[in-house]
Amino acid sequence: MEFYANAWPTEEGVMDKRSWVRGQWIPYDEDAINQFLGHLLILEEGQCCEYTERRIQVSGFDEEAIGQLLCSLGHDFAWSVIGRCMGIMRTSMTTLTQIWMTLLLSNILPSDHNSDLPLPKCQLVYAILTQISVHVA
């Protein structure tokens, strides 16, 4: 909590992506995150990671494959009344999916709503579990 509480602009309107923690500046810019993860994802100017490229495409992710990997046996996505895929309810997830959902919604993409995983976040968990490149930073 101290990390987020101490991340403030150093000048009016300037956010230099570092935080003052226990007497020292901790960077959290793109390079620092990649270095911390130990996996430098080098992208050329205008290039996207595979996850982002798939998100841009209309048919970039196979919903059936996502459902098979993330849902427990006999469960599926939650669907809207007009037949649109909405996401996966916690009770329909595998244990591994629940663990990733908790990590994502608590730390990476904070949300106060954690009873289900919306489709875009299902796609992110799927990408992580199938080792599709994701530009986390």
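Coordinates for the structure precede this section.
Remember, it's a predicted structure, so these values are computed and weren't measured experimentally.

## Regarding the packing of aromatic side chains
Applying the stated criterion across every chain yields a total of 3 aromatic pairs. Note on Phe61 and Tyr126: the rings are 6.2 Å apart at their centroids and 80° apart in plane angle, and the pair reads as edge-to-face. Placement of Phe61 in the loop between helix H3 (50–56) and helix H4 (63–70) and of Tyr126 in helix H6 (residues 119–129) is noted, with a sequence separation of 65 residues between them. Residue Tyr126 is classed as buried on the basis of its relative accessible area of 14%. What links up through ring pairs into an aromatic cluster is the set Tyr51, Phe61 and Tyr126. For the cation-ring pair, Arg54 lies above Phe61, with the distance from its terminal atom to the ring centre recorded as 5.6 Å.

## Things to note about the pairing of strand E1 (residues 18–21)
The alternating pattern of E1 places Ser19 and Val21 on a buried face and Arg18 and Trp20 on a face that is not buried. Note: E1 against strand E2 (residues 24–27), 4 bridges, orientation antiparallel. By the bridge assignment for E2, Val21 is matched with Gln24. In this structure, the hairpin formed by E1 and E2 is closed by a connection of 2 residues, where Arg22 is found at a positive phi of approximately 45°.

About the criteria used
Residues numbered from 1 in each chain as written. Predicted model: local features only at pLDDT ≥ 70, side-chain atom pairs only at ≥ 80, totals over all residues. Heavy atoms only, no water. Phe/Tyr/Trp six-rings, centres within 6.5 Å; stacked < 30°, edge-to-face > 60°. Helix = DSSP H or I, 4+ residues; strand = E, 2+ residues; numbered from the N terminus. Buried < 20%, exposed > 50% of the residue type's maximum accessible area, 1.4 Å probe, protein only. Lys NZ or Arg CZ within 6 Å of the ring centre and 35° of its normal. Pairing = 2+ DSSP bridges.

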